[in-house]
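# Chain and residue survey
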Amino acid sequence: MRFDEDTYMYHMILHELQDILGDQGVSTSESDRVAYSVDYYWVSELWHERGSKRLDADFIVFPENSGQVSRVMTLANEYRIPVTVWGGGGGSQGGALPVCNGIVMDMKKMNKIIDLDTVSMTVEVQAGIIMQHLEWELEKNGVSTMHFPASIYCSTVGGFIAHRGTGVLSTKYGKMEDMVVSMEVVLPSGEIIRTLKVPKTASGIDLNWFFIGSEGTLGIITEVKLVVRKIPEVRKFQAFLFKNLKSGLETGRRLMHEDLIPSVIRLYDEAETKSLIKRVLGIDREGFYLVYAFEGKEKIVGLQHKYAKEIMSGLGGEDLGTEMGEEWWLNRYKFFFPPYAFSLPQAFGTCDTVATYSDIEKIYFAMKKTVEDNYPKAKFIGHFSHWFLWGCMLYARFIVENPPQDPGKALHMYNSIWDDILRAVLANDGVLNEHHGIGIKIGRLMKEQYKNSFRLIKDLKKQLDCNNVLNPGKMGLGF
Ligand SMILES: Cc1cc2nc3c(=O)[nH]c(=O)nc-3n(C[C@H](O)[C@H](O)[C@H](O)COP(=O)(O)OP(=O)(O)OC[C@H]3O[C@@H](n4cnc5c(N)ncnc54)[C@H](O)[C@@H]3O)c2cc1C
């Protein structure tokens, strides 16, 4: 929906929004409309750079409480105006882009810490708080969520729940979704609901799971209670080098299955070891670099390291020492920022996936072959970074140095690589994504992934959002 600024309707809606949020709570300025038309999705940056039509909102609103969020949704339903929720705008899938124009709702004024309960070890926050700001406050009290993604500086608690985010210590502490105790959510209709006070009940379906991962399509997360942990006494790293992927993967699996509970296992493929590990950490070696960490009480961590080292050496790992592991921790976010991150004019995509240990290796090779056989100008790199009892995550990327100059052609090429690579994933028993989500980027493949069960998700959307006003066009749910 695009409003003509000279119309009566435009001014009436602006007036009603100002009535709900105050004059400071609504913006129609050109600079804000530009700022809220680019997230971390490659295409949104490309279209700006090459002068294509931008995906922007008519109104940007900044609620401070759930009541205001609710009233905006009621208004949106009355006038059938699309509303797109914006956390930090750090998502890579175009999830926060207002593809149908209308209203962008920036959540960052909802940034209060409501309660820290160090008896139950929970913290209750408004969902628009930036993750780093929350961590700073928690650390003053000797606790932490232990959620440390590379976008900790810019993304919000609500955004991470909406995308099922993953931090670098996820192997011990879980993904963002595992940290949720309860939530307050504003439904598309404007109704405010709360999920049960604790998650491990036998009171039927857990409503938290309706909204976790729903990418702002089923409800707006306004308040959340999260688990917190004591900051560990020690955190110790060790690095190894493997000659092949198989022994690296087998080592990771064994660490998980021997119940050693590492907080980090990160295995880089040969291409990343040769490029990023060399450039960021200064380790100039051929092979597969692996770093792991244990943390907690010093004595226990000592024992965990002793057993882990035995596994490593047994599988042919060359010990690179503690320092080469510490170095990784100190530089852990650097990999994702300039000059190490990819940027225009390069075309790049992170096709993270997750699968069982039985399938993950074949998925890696299927993705690599797809890129290398079909796109000779593209590079393929990857690492395995979040480990579970049943399998692990592959953070695979493709990079094209010189995509077509014409934005339409560039988009076409980009979408074809995504289609091919993700079809290779699905054909080999992987899933579309592990923590970046679906958004507008890969929504078209949701039907292929879910097959007939996708109808359940579509029915749920229809039931909760009968006017399709909340984040239309995302996750393959239609316009
Ligand atoms: C440099 C860099 C490094 C990154 N590293 C990581 C990483 O290590 N781990 C990781 O998981 N991700 C990472 N990301 C991706 C990004 O941070 C995540 O996808 C994050 O979940 C996005 O949160 P956000 O607040 O920025 O949300 P946005 O991008 O603003 O929005 C993302 C989606 O969430 C919805 N949404 C936002 N807030 C709410 C809410 N309150 N209620 C309902 N829906 C909402 C939006 O509508 C949209 O669909 C990285 C991104 C960058 C730029």
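Read on for an overview of the structure.

### Re the layout of surface pockets
- Its volume calculated, the second largest pocket comes out at about 770 Å³.
- Taken together, 31 residues make up the lining of the second largest pocket; nearest its centre are Arg-164, Ile-212, Gly-213, Met-446 and Tyr-450.
- Going through the elements one at a time, α6 (157-163), α8 (208-211), α15 (446-450) and α16 (454-464) are the ones with two or more residues in the lining of the second largest pocket.
- For the lining of the second largest pocket, the per-class residue count stands at 17 nonpolar, eight polar and six charged.

### Comments concerning the environment of Lys-278
- Counting through the fold element by element, Lys-278 comes out in helix α10 (residues 270-281).
- Residues Lys-278 and Ser-151, spaced 127 residues apart in sequence, show a C-alpha to C-alpha distance of 23 Å.
- Apart from residues no more than four positions distant in its own chain, Lys-278 is found in contact with Thr-273, Ile-283 and Asp-284.

### Regarding the nonpolar core
- Of all hydrophobic cores here, the largest spans 74 residues; its most connected members are Trp-42, Met-367, Phe-384, Trp-387, Phe-398, Tyr-414 and Leu-422.
- Dropping the residues within four chain positions of it, Phe-398 is found in contact with Ala-347, Phe-348, Gly-349, Cys-351, Val-371, Lys-379, Tyr-414, Ile-417, Trp-418 and Ile-421.
- Counting 51 residues, the second-largest nonpolar core is a separate cluster that includes Met-179, Phe-211, Val-280 and Tyr-340.

### Side note on the site of the ligand
- If you check the shell around the ligand, you find 32 residues, and the closest are Val-85, Gly-87, Gly-90, Ser-151 and Thr-156.
- Ser-155 is positioned such that a nitrogen or oxygen atom in its side chain is 2.8 Å from an oxygen atom of the ligand.
- Summarising the interface, the protein chains cover 96% of the accessible area of the ligand, which totals 970 Å² for the free molecule.
- Residue composition of the shell around the ligand, by class: 12 nonpolar, 19 polar and one charged.

### A short note on the sheet that holds strand β1 (residues 26-27)
- Spatially, the four strands line up as an open sheet ordered β1-β2-β4-β3, and their pairing is mixed. Each end of this open sheet is capped by a strand with a single partner; those strands are β1 and β3 (83-86).
- One ladder, built from two bridges, connects β1 with strand β2 (residues 59-61); its direction is antiparallel. Bridge pairing in β2 links Ser-27 to Ile-60.
- Sheet strands in contact with helix α1 (residues 8-21) are β1, β2 and β4 (103-106), and its direction is about 5 degrees off that of β2.

### A few points about the packing of aromatic side chains
- In this structure the tally under the stated criterion is 26 aromatic pairs.
- Centroid distance Tyr-153 to Tyr-333: 5.6 Å. Interplanar angle 80 degrees. Geometry classified as edge-to-face. Here Tyr-333 lies in the loop between α12 (322-330) and β16 (347-350) and Tyr-153 lies in the loop between β7 (143-144) and α6, a separation of 180 residues in the sequence.
- The class for Tyr-333 is buried, based on a relative accessible area of 10%.

Procedures and definitions
- Residues numbered from 1 in each chain as written.
- Predicted model: local features only at pLDDT ≥ 70, side-chain atom pairs only at ≥ 80, totals over all residues.
- Heavy atoms only, no water.
- 1 Å grid on protein atoms, 1.4 Å probe; cavity = no way out; pocket = protein on both sides within 12 Å on 5 of 7 lines; lining within 4 Å.
- Points joined across faces, edges and corners; volume = space filled by probe spheres on them.
- Helix = DSSP H or I, 4+ residues; strand = E, 2+ residues; numbered from the N terminus.
- Nonpolar A, V, L, I, M, F, W, Y, C, P; charged D, E, K, R; others polar.
- Contact = heavy atoms within 4.5 Å.
- Core = buried A, V, L, I, M, F, W, Y, C linked by side-chain atoms within 4.5 Å.
- Buried < 20%, exposed > 50% of the residue type's maximum accessible area, 1.4 Å probe, protein only.
- Near = heavy atom within 4 Å.
- Polar contact = N/O pair within 3.5 Å; in protein donor to acceptor, adjacent residues only side chain to side chain.
- Areas by Shrake-Rupley, 256 points an atom, 1.4 Å probe, with all protein chains shown as cover.
- Pairing = 2+ DSSP bridges.
- Axes fitted to C-alpha atoms, helices over the stretch in contact; angles between N-to-C directions.
- Phe/Tyr/Trp six-rings, centres within 6.5 Å; stacked < 30°, edge-to-face > 60°.

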